[in-house]
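Residue-level structural notes
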Amino acid sequence: SQHQAAWESGEQFESQYLVVTSTDGGATFSNPVHVADQEDGTLDFPANDDARPTLSGMAMRVPSGGNIAADPRPGTNTLYVTWTDNSQGTHDVASPVTRARVFVSTSLDGGATWNTPAQITPLPGADSDQWFPWADVAPDGTLGVIYNQRTGPDTYAADLAEMSSGTTTVTRLSTADSNANQSLYFQEGTADCATCAVFHGDYLGLDYDVNGVANGVW
């Protein structure tokens, strides 16, 4: 969030992703390589009562970070970085409207260069949001990304997108939707929404085992 060169007029704290790599077990690292700039600044997401970024019609804090994942197959040198931002929504305005999407950028040369960020799935709807991505790569090279998917004005669920050979398969992991405005903890406590969640945890998780079975947490 210190990349002031990418901040737009009247904006602050838009982030960038940088990657450094080591080929000697961490003794030395390369210079940072730029992956992508994000639309996640002070005029890119609505703010909740704690002045934290949130989603339209909700109040819970929604960070834009994700993670980096490496293809485990020998000789592939393929890396993936995932994140979410509001570049598909109404941003850089006083009253942003979210269409938050999960993006992935790929490097085929061990992090030396990165391709143009791609959305992990087709747009599910104009009022839909995706956030909290976490990526891992299966032993056969399948890229998996777990993320939260908005399912209604107040509700969301956890999905898993798996990408292999140009095909994407999405699996709903949640057995029931979560209601962001009916929280037992971290409540907004205001007259307009006493039980709205202002915090719903940080990060999801995904790990493939040696048999290629996806293990997700949310």
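Higher on the page you've got the structure.
Residues numbered from 1 in each chain as written. Predicted model: local features only at pLDDT ≥ 70, side-chain atom pairs only at ≥ 80, totals over all residues. Heavy atoms only, no water.

**Some words on the side chain of glutamate 14**
- Tracing the backbone through its elements, the reader meets glutamate 14 in the segment before β1 (16–19).
- Here glutamate 14 is buried and forms no salt bridge, its nearest opposite-charge partner arginine 99 lying at an N-O distance of 17 Å. (Helix = DSSP H or I, 4+ residues; strand = E, 2+ residues; numbered from the N terminus. Buried < 20%, exposed > 50% of the residue type's maximum accessible area, 1.4 Å probe, protein only. Lys, Arg positive; Asp, Glu negative; His and termini not counted. Salt bridge = Lys/Arg side-chain N within 4 Å of Asp/Glu carboxyl O.)

**Here we look at the environment of alanine 6**
- Along the polypeptide, alanine 6 turns up in the segment before β1.
- Residues alanine 6 and threonine 76 lie 70 residues apart in sequence; the distance between their C-alpha atoms is 32 Å.
- Setting aside anything within four residues of it in sequence, one finds alanine 6 in contact with Glu14 and Asp37. (Contact = heavy atoms within 4.5 Å.)

**A short note on a nonpolar patch on the surface**
- On the surface, Leu184, Tyr185 and Phe186 cluster together to form a nonpolar patch covering roughly 420 Å² of accessible area.
- Looking at the secondary structure, you find tyrosine 185 in the loop between β11 (178–179) and β12 (205–208).
- A relative accessible area of 60% places tyrosine 185 in the exposed class. (Patch = residues over 30% accessible without salt bridge, like charges linked within 9 Å, V, L, I, M, F, W, Y side chains within 5 Å. Areas by Shrake-Rupley, 256 points an atom, 1.4 Å probe, with all protein chains shown as cover.)

**A few points about the layout of surface pockets**
- What the largest pocket holds in volume is close to 360 Å³.
- Lining the largest pocket are 17 residues, and of these Phe13, Asp40, Gly41, Thr42 and Pro53 sit closest to its centre.
- Tallied by class, residues from the lining of the largest pocket come to eight nonpolar, six polar and three charged. (1 Å grid on protein atoms, 1.4 Å probe; cavity = no way out; pocket = protein on both sides within 12 Å on 5 of 7 lines; lining within 4 Å. Points joined across faces, edges and corners; volume = space filled by probe spheres on them. Nonpolar A, V, L, I, M, F, W, Y, C, P; charged D, E, K, R; others polar.)

**Describing the side chain of glutamine 38**
- Inspection of the secondary structure assignment puts glutamine 38 in the loop between β2 (33–37) and β3 (67–70).
- One polar contact links glutamine 38 to serine 64, side chain to side chain, over a distance of 3.4 Å.
- Excluding anything up to four places from it in sequence, glutamine 38 contacts Glu14, Ser15, Gln16, Tyr17, Ser64, Trp83, Thr84 and Asp85. (Polar contact = N/O pair within 3.5 Å; in protein donor to acceptor, adjacent residues only side chain to side chain.)

**Topic: the packing of aromatic side chains**
- According to the stated counting rule, one finds seven aromatic pairs in the structure shown.
- Residues phenylalanine 186 and phenylalanine 199 carry aromatic rings whose centres are separated by 5.0 Å and whose planes lie at 70° to one another, so their mutual orientation is edge-to-face. A residue pair is termed long-range when its members are at least 10 positions apart, and phenylalanine 186 in the loop between β11 and β12 and phenylalanine 199 in the loop between β11 and β12 qualify at 13 residues.
- Within the aromatic cluster, the residues linked to one another by ring pairs are Tyr17, Trp83 and Phe103. (Phe/Tyr/Trp six-rings, centres within 6.5 Å; stacked < 30°, edge-to-face > 60°.)

**What to know about the environment of asparagine 211**
- Looking at where asparagine 211 falls in the secondary structure, it is placed in the loop between β12 and β13 (214–217).
- For the pair formed by asparagine 211 and aspartate 136, sequence separation is 75 residues and the distance between their alpha carbons is 14 Å.

**A few points about the sheet that holds β3**
- The four strands lie next to each other as β3-β4-β5-β6, forming an open sheet whose pairing is antiparallel. Looking along the sheet, the strands with just one partner apiece sit at the ends: β3 and β6 (118–119).
- Note: strand β4 (residues 79–85) against strand β5 (residues 101–107), seven bridges, orientation antiparallel. Following the sheet pairing, leucine 79 is matched in β5 by serine 107. (Pairing = 2+ DSSP bridges.)

**Notes on the pattern of salt bridges**
- Tallied over the full model, the rule gives four salt bridges.
- We note a salt bridge from aspartate 202 to arginine 61, for which the minimum N-O separation is 2.9 Å. You can see aspartate 202 sitting in the loop between β11 and β12 and its partner arginine 61 sitting in the loop between β2 and β3, a full 141 residues away along the chain.
- On the basis of relative accessible area, arginine 61 is assigned to the buried category, the value being 18%.

**Structural notes on unusual backbone geometry**
- In the Ramachandran plot, phenylalanine 13 falls in the positive-phi region, its phi being about 70° despite a non-glycine side chain.
- You will see that aspartate 92, though not glycine, has its phi angle at about 60°, which is positive.
- As for its placement among the helices and strands, aspartate 92 is situated in the loop between β4 and β5.
- For aspartate 92, a relative accessible area of 28% gives the class partly exposed.

**Some thoughts on the nonpolar core**
- Residues Leu55, Met60 and Trp131 are the most contacted members of the largest nonpolar core, which totals 17 residues.
- Of all elements in the fold, only β7 (130–137), β9 (155–164) and β12 reach the threshold of two or more residues within this core.
- Setting aside its immediate chain neighbours within four residues, tryptophan 131 contacts Leu55, Met60, Val62, Thr84, Val102, Tyr147, Asn148, Gln149, Arg150, Tyr156 and His200.
- Among the nonpolar cores identified, the runner-up in size contains twelve residues, and Tyr80, Tyr147, Ala161 and Met163 belong to it. (Core = buried A, V, L, I, M, F, W, Y, C linked by side-chain atoms within 4.5 Å.)

The values are spatial; any link to function lies outside them.
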